[in-house]
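Structural overview
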Amino acid sequence: MTSTVVRCLWRKKGANRSAALPIYLAASLMAAVSPAQAEVPSMPSALPVPSTGQPPLSSATRRGTEYSDLEKAGYIEEEYYLSGTAPAITAAGEALFQAPYITRILVRKPKDPAKFNGTVVIEPFSWFGERGAGWILTRAYLLRKGYAYVGYTLNINKPAEDPKFPPGEYEATGRPNRYTGIVNFEFMRRFDYARYAPLGSYYDPARFKRGGAPDPFVPQSQGIGAGLALLLKSNLADGPMSGLRVQRVYVDSWAVTAQVWMDYLDQGRHQQWRMPDGRPLIDAYMTGRMAFGEVGGDVIRVPRKMPSDVPFVTVYSQSELMHDAIEGIILPPDTDQPMLRYYEVTGMPHLRLADHGTQHTEDVAADVGKGDVPRCQMLYDEPAEMVVSALLDDMDKWVREGKPMPRAPRVVRKGKGVLRDATTQNMIGGVRPPWIAIPSATYWTEQESHCDIIYDTKVPYDHAKLRRLYGSYNTYLRKYEGAKEAAVKQGYLLPEDRDELKAVAQPGDFEPATRQPE
């Protein structure tokens, strides 16, 4: 499978690229749904999942990319079956009928109610390995600040032809499809049959299309998410948040499943579905690492029924911003009304080794015959989670305190690409973490390096270039510390993360490499 197929998440024929024109103007057509028109979605039920003697799939108690010491943080993890009815909705927004579903939620919450800050962050797990991508990027912050977290499954029983993988895409590469074993309910049942055998949701590829092909998203996705928010915010005595008083629910949805929440906003569900007292079900939306519309359908960057009462925030890695530059898709300007922010984070890759889900692996350059290509040899894995956590904190302040999030410049484009600095060779503009502001490497995208892998790669500067730029390691380190202070002031690094962010270059990098004896 080519990296282009993975990155663009199985781009399908029929995507309406004409919608990539300045569609942010559609924000002026924001739908205003009166309280009389608003609806309360169906309330689901939550029942504890019986123990099977092992931690749940995606558990933070299991050693791996999603692990956190919950006990030390004063948190508990609980899994529930979530069941109810939800409308089956087409990609065009037509609700055809109500259908039953059974899925699961994974709850992490403070043991002590006094530690809870009143906000639950919800996230649909990724297609691949039921990965909590948002959890991986923000877990330290969430645990530190007293949030509750609920990851939930949006999945289907595998159909005869899985719409996640268009026919012919893998065969053309001559490489096996390494993803078929880590998707759908079948993967979950292989992992723990007793636990996940009951799960099910409605799917019919003949009736639900996206971009002219079967829709890979669960038709009930929007209703399941809305029902979950209603359940959490209702503060039921026997609900999964029992003992805590939930005041706010934020969406934090990354990678391909972020499309579900774009659809939700674009089709006006935020205005349509409300709490019984008229309050919104969702108080803020953050999405990331997803170029909306690349799984088929309209290519838009702002919901056409953009809400007026909550923030919509999108975070791009270098991969997504390069995608939009190549495709000529213009990002909208940031506005305070509606509450809209886009962040293009330079030096942030689409995927890191630290971002993998359960049983998820990817090819590296050596696997595809490019291990000797200089631009393909080193993955970059700088702590993008610190930038994302700071942005989530900024969004929280916008909701609770009315303090608008910072506005970041866009990456400077040049034709169907981006402009890079002549000296550092890094992108110009965008959010610039300290490892970009004071660089010790050039950070490439796969679209530029053509390494044919999903990972983005970097090329470290040699000692001569480091000395030309900084003179000495001590000077580099002093400037790096200054860049950290600047990032804190800009709102892209939390003060409590400042000391944890270490310089990328080390003293030995400033010295000529010595040949090792053979």
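Just so you know, these numbers come straight off a predicted model, no measurement behind them.

All chains considered together, the criterion is met by 34 salt bridges. R304 is the salt-bridge partner of D298, the closest N and O atoms lying 2.8 Å from each other. Salt-bridge contacts for K458 lead to E382; the nearest nitrogen and oxygen are separated by 2.7 Å. Of this pair, K458 sits in strand β16 (residues 457-460) while E382 sits in the loop between β12 (378-379) and α10 (384-401), and the two are 76 residues apart along the sequence. Comparing K458 with E382, the two get one shared label, buried.

Most peptide bonds take the trans form, and the phi angle of most residues other than glycine is negative. The omega torsion of the bond from Q337 to P338 falls at 5 degrees, within 30 degrees of zero and hence cis. You can see P338 is positioned in the loop between α9 (318-327) and β11 (340-344).

Most of β11 is tucked away: five of the five residues are buried. Here β11 shows no split at all, with L340, Y342 and E344 on one side and R341 and Y343 on the other all buried. One ladder, built from five bridges, connects strand β10 (residues 312-316) with β11; its direction is parallel. By the bridge assignment for β11, Y316 is matched with E344. The handedness of the β10 to β11 crossover, carried by α9, is right-handed.

A few words on helix α6 (residues 221-233). In this model α6 runs 18 Å from its N-terminal to its C-terminal C-alpha over 13 residues, within 8% of the 18 Å that 1.5 Å per residue would give. Counting buried positions over the 13 residues of α6 gives 13, a clear majority of the element.

Our next topic: the environment of Q222. Residue placement: Q222 occurs in helix α6. If we ignore the near neighbours within four places in the chain, the residues touching Q222 are I89, V260, D263, Y264, Q267, R269 and W273. Within the structure, Q222 has its side chain in polar contact with the side chain of R269 (distance 2.9 Å).

What follows covers the state of the cysteines. Here a disulfide denotes one covalent bond, and it connects the sulfur atoms of two cysteines. All chains considered together, the criterion is met by one disulfide. Covalent S-S linkage joins C376 and C451, the inter-sulfur distance amounting to 2.0 Å. The sign of the -95 degrees torsion about the S-S bond sets the C376-C451 disulfide as left-handed. Taken as a pair, C376 in the loop between β11 and β12 and C451 in the loop between α12 (446-449) and β16 lie far apart in primary sequence, 75 residues in all. Look at C376 and you get buried, because its relative accessible area is 3%.

Turning to the sheet that holds β12, a few remarks are in order. Across the sheet, which stays open at both edges, the three strands sit in the order β12-β16-β15 with antiparallel pairing between neighbours. At either end of the open sheet lies a strand with only one pairing partner, and these are β12 and β15 (441-443).

Next up on the list: the confidence of the model for the protein. Do not read the fine detail of predicted coordinates wherever pLDDT is low. When the pLDDT values of the protein are averaged, the result is 91; 91% of them are 70 or greater. Below pLDDT 50 for its whole length, residues 1-32 participates in 90 contacts with residues either more than four positions away or in separate chains.

We now examine helix α13 (residues 463-470). Of the positions making up α13, those classed as buried are K465, L466 and Y470. Projected down its long axis, α13 carries its buried residues within an arc of 110 degrees, all on one side. Next to the buried residues of α13 lie α14 (473-490). Trailing α13 by a residue or two, G471 shows a phi angle of about 85 degrees, which is positive.

The next thing to look at is the packing of α6 against helix α7 (residues 258-266). Where α6 meets α7, the closest approach of the two axes is 9 Å, and the angle between their N-to-C directions is 85 degrees. Taken together, the axes of α6 and α7 lie roughly perpendicular to each other. For the pair α6 and α7, the contacting residues are S221, Q222, G225 and A226 in the first and V260, W261, D263 and Y264 in the second. A breakdown of the residues in the contact of α6 with α7 according to their chemical character gives four nonpolar, three polar and one charged.

Parameters and conventions
Numbers given to residues run from 1 along each chain, matching the order in which its sequence is written. A pLDDT threshold of at least 70 governs which residues receive local features in this predicted model, and a stricter bar of 80 or more applies before side-chain atom pairs are shown or counted, although totals over entire chains, interfaces and linings include all residues. Note: side-chain values were computed over all heavy atoms of the structure, leaving out hydrogens and water. Salt bridges are identified by distance alone: a Lys or Arg side-chain nitrogen within 4 Å of an Asp or Glu carboxyl oxygen. Each helix is a run of H or I in the DSSP string that is no shorter than four residues. Each strand is a run of E no shorter than two, and both are numbered from the N terminus. The buried label goes to any residue with under 20% of its type's maximum accessible area, the exposed label to any with over 50%, and the partly exposed label to all in between, with areas taken from a 1.4 Å probe on protein chains only. At least two bridges found by DSSP between two strands are what make those strands a pair. With strands facing away from the observer, any crossover in which the path from the first strand over the helix to the second runs clockwise is taken as right-handed. Here, expected helix span is obtained from the residue count minus one, scaled by 1.5 Å. Residues are treated as being in contact if the distance between any of their heavy atoms lies within 4.5 Å. For the purposes of these results, a polar contact is taken to be a pair of N or O atoms within 3.5 Å, where, inside protein, one atom must be able to donate a hydrogen and its partner to accept one; residues adjacent in sequence count only when each atom of the pair is a side-chain atom. Criterion for a disulfide: a pair of cysteine sulfur atoms at a distance within 2.5 Å. Confidence scores here are pLDDT values: one per residue, from the predictor, ranging 0 to 100. Arc definition: directions from the helix axis to the C-beta atoms. Note on geometry: axes are C-alpha line fits, over the in-contact stretch for helices, and angles between N-to-C directions span 0 to 180 degrees. Relative orientations are named as follows: roughly parallel for angles under 35 degrees, roughly antiparallel for angles over 145 degrees, roughly perpendicular for angles from 65 to 115 degrees, and oblique for any other angle. Classification used: nonpolar for Ala, Val, Leu, Ile, Met, Phe, Trp, Tyr, Cys and Pro, charged for Asp, Glu, Lys and Arg, polar for all others including Gly.

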